[in-house]
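Working through the structure, step by step
What follows is each chain in one-letter form.
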Amino acid sequence: MGTYTRRFHELGSADRSLVGGKCAGLGEMFQARLPVPDGFAITVDAYEDFRDASDLREELKRLVRGADPASPQSLQAAHERATALILGRELPAAVEEEIRGAYLELARETAQRRGAGDPDRGPVAVRSSSVDEDGDAASFAGQQETYLWVVGADAVLAKVRECWASLYTPQAIAYRSGMSDTDATEASKISVAVQLMAGADVAGVTFTVSPRTGDRSVIAVNASWGLGQAVVSGEVTPDEYWLTKAGPSVTSRRIASKQHEYVPAPDGTGVIRRDVEESRRDVPCLSESELMRLAEIALRVERHYGCPQDIEWALERDADGVPRVMLLQSRAETNWRKRKQKSRNTTKATTDLLGFVAAAVKGETR
């Protein structure tokens, strides 16, 4: 790969400054032979060179500095202007050529390995990867975008630009407007992951520590039907499972009525939200054996990093129906630490675990 792209097998945790936290983590897990969908990172330098080649660096900085963080109208105006600027400028030829080539290489390799699929139109996820997202400014995480089931090099290029533009949501502008130049520059460094889609029929989040009590002897799992979007966004009440690490074994489960799910769109591009059939809504979405497999892999991830983890995953099935756990992201679990810190400052009772994923999205658990 060249200046602007790196395959996951070339990356590790030390590459965070080059490809952001998410891409560095995916590369680290890939190299550790954990089950991660293959892909590549578009480096921070690609966006930096795009801003310079387009003469946008100073103009975008002025937009952020000029916005009034107390005024929703001011933030919205700055957001719309910044988005229009980023989406309206051409990519430098070298950046576009390298991203296009990396996507086609990934898609063709995959089609050849699987013996199926259009070699030039493999579906991928295009995911923002901020250098700052897992740092002290954890609440900033999640404000950049992810696009699922993106098909074709032109669509990938378009979504990469939209990921860059997501640095300028009203919330992100308000977040950076009061920073020093140095901190604001660091917070605006962004990479993008292009990753083979996990064709999940079940997805969710696993914590290798209780996010409610800090008990490190347990594993907590939230899961629901379809792609993980409904779970991580907090749009559904997921099934909740608790396991002990010893064994491991399931100690309790609470099965929710899962009203809807995200699935690939019928035309093969993007995803749609649909109602879950009544016959599946109240049915556990994970079997005992699938929970054991999830626990086994979660413990491998925890051992690799040496600390409790917050893991996003998807459950794919082979042609013969055999389930395979695919890891989409893992990072050090911070929910319990934050809850503990919060408990020192307030007498407010802790909330029930159910829905901890939704809280995570709001920045309360990461």
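As annotated in an unreviewed UniProt entry, the protein carries the name Phosphoenolpyruvate synthase and is attributed to Actinomadura graeca. Annotation of the protein in UniProt includes, under Pathway (unreviewed entry), the sentence "Carbohydrate biosynthesis; gluconeogenesis." Turning to the protein, the UniProt annotation filed under Catalytic activity (unreviewed entry) states: "pyruvate + ATP + H2O = phosphoenolpyruvate + AMP + phosphate + 2 H(+)".

1. Observations regarding the sheet that holds strand β7 (residues 218–225)
Pairing is antiparallel in the open sheet, where six strands are placed in the order β9-β8-β7-β6-β12-β13. In the strand order of this sheet, the two ends are held by β9 (249–254) and β13 (323–332), each with one partner. For this sheet the average axis-to-axis angle between neighbouring strands, irrespective of direction, equals 20 degrees. Here strand β6 (residues 202–207) pairs with strand β12 (residues 309–317) via six bridges, running antiparallel. Residue pairing in the sheet places Gly204 in a bridge with Trp313 of β12.

2. Some thoughts on the confidence of the model for the protein
Of the residues in the protein, 88% have a pLDDT of 70 or more, and the chain-wide mean is 87. The low-confidence segment residues 347–366 (pLDDT under 50) makes 44 contacts with residues lying over four places distant or belonging to another chain.

3. A short note on the pattern of salt bridges
This structure, assessed with the given rule, holds 26 salt bridges. Its salt-bridge partner being Arg7, residue Glu105 comes within 2.8 Å of it at the nearest N-O pair. Residue Glu105 is located in helix α5 (residues 93–114), and its partner Arg7 is located in strand β1 (residues 5–7); the two are separated by 98 residues in the primary sequence. The partly exposed category is assigned to Glu105, whose relative accessible area is 37%. Residue Arg7 is classed as buried on the basis of its relative accessible area, which comes to 5%.

4. A few points about the side chain of Ser191
Take Ser191: it is sitting in strand β5 (residues 190–196). A polar contact is formed between the side chain of Ser191 and the backbone oxygen of Ile42, at a distance of 2.6 Å. Excluding its chain neighbours within four sequence positions, the residues that come into contact with Ser191 are Val19, Gly20, Cys23, Ala41, Ile42, Thr43, Val44, Arg127, Ser128 and Ser129.

5. Section: the side chain of Lys258
Tracing the backbone through its elements, the reader meets Lys258 in the loop between β9 and β10 (260–264). Lys258 sits in the buried class, given a relative accessible area of 0%. Of the polar contacts made by the side chain of Lys258, one reaches the side chain of Asp239; its length is 2.8 Å. A polar side-chain atom of Lys258 sits 3.0 Å from the main-chain carbonyl oxygen of Val283. The residues contacting Lys258, other than those within four sequence positions of it, are Ala223, Ser224, Trp225, Thr237, Asp239, Val276, Arg280, Arg281, Asp282, Val283 and Cys285.

6. Let's talk about the packing of helix α3 (residues 57–66) against helix α4 (residues 72–88)
Two quantities define a packed helix pair, namely the angle between the helix axes and the distance between the axes. Interaxial distance between α3 and α4 falls to 9 Å at its minimum, and their mutual angle equals 170 degrees. As summarised for this structure, α3 and α4 are arranged roughly antiparallel, according to the angle between their axes. Listed contacts from α4 to Glu59, Leu60, Leu63 and Gly66 of α3 are Ser74, Ala78, Arg81, Ala82, Leu85 and Ile86. By residue class, the composition of the contact of α3 with α4 is six nonpolar, two polar and two charged.

7. Considering the sheet that holds β5
Read across the open sheet, the five strands follow the order β1-β2-β5-β3-β4; overall the sheet is antiparallel. Single-partner strands in this sheet number two, and they are β1 and β4 (146–151). For this sheet the average axis-to-axis angle between neighbouring strands, irrespective of direction, equals 25 degrees. Examined bridge by bridge, β1 and strand β2 (residues 39–42) share three bridges and lie antiparallel to one another.

8. As for the packing of aromatic side chains
Where two aromatic rings form a pair, the distance of their centres and the angle of their planes describe that pair. Evaluated as defined, the whole model comprises three aromatic pairs. Centre to centre, the rings of Tyr47 and Trp164 are 5.3 Å apart; their planes meet at 45 degrees, and the pair counts as tilted. Taken together, the residues Tyr47 in helix α2 (residues 44–53) and Trp164 in helix α6 (residues 153–165) connect sequence positions 117 residues apart. As far as the burial class goes, Tyr47 and Trp164 line up, both buried. Counting every residue linked through ring pairs, the aromatic cluster contains Tyr47, Phe50 and Trp164. Against the face of Tyr168 rests Arg176, its NZ or CZ located 4.9 Å from the ring centre. Between Arg280 and the ring centre of Trp225, over which it is positioned, the NZ or CZ distance is 5.1 Å.

Conventions used here
- Residues numbered from 1 in each chain as written.
- Predicted model: local features only at pLDDT ≥ 70, side-chain atom pairs only at ≥ 80, totals over all residues.
- Heavy atoms only, no water.
- UniProt positions renumbered as here; feature names shortened; annotations may be inferred.
- Pairing = 2+ DSSP bridges.
- Helix = DSSP H or I, 4+ residues; strand = E, 2+ residues; numbered from the N terminus.
- Axes fitted to C-alpha atoms, helices over the stretch in contact; angles between N-to-C directions.
- pLDDT = per-residue confidence, 0-100.
- Contact = heavy atoms within 4.5 Å.
- Salt bridge = Lys/Arg side-chain N within 4 Å of Asp/Glu carboxyl O.
- Buried < 20%, exposed > 50% of the residue type's maximum accessible area, 1.4 Å probe, protein only.
- Polar contact = N/O pair within 3.5 Å; in protein donor to acceptor, adjacent residues only side chain to side chain.
- Parallel < 35°, antiparallel > 145°, perpendicular 65-115°, else oblique.
- Nonpolar A, V, L, I, M, F, W, Y, C, P; charged D, E, K, R; others polar.
- Phe/Tyr/Trp six-rings, centres within 6.5 Å; stacked < 30°, edge-to-face > 60°.
- Lys NZ or Arg CZ within 6 Å of the ring centre and 35° of its normal.

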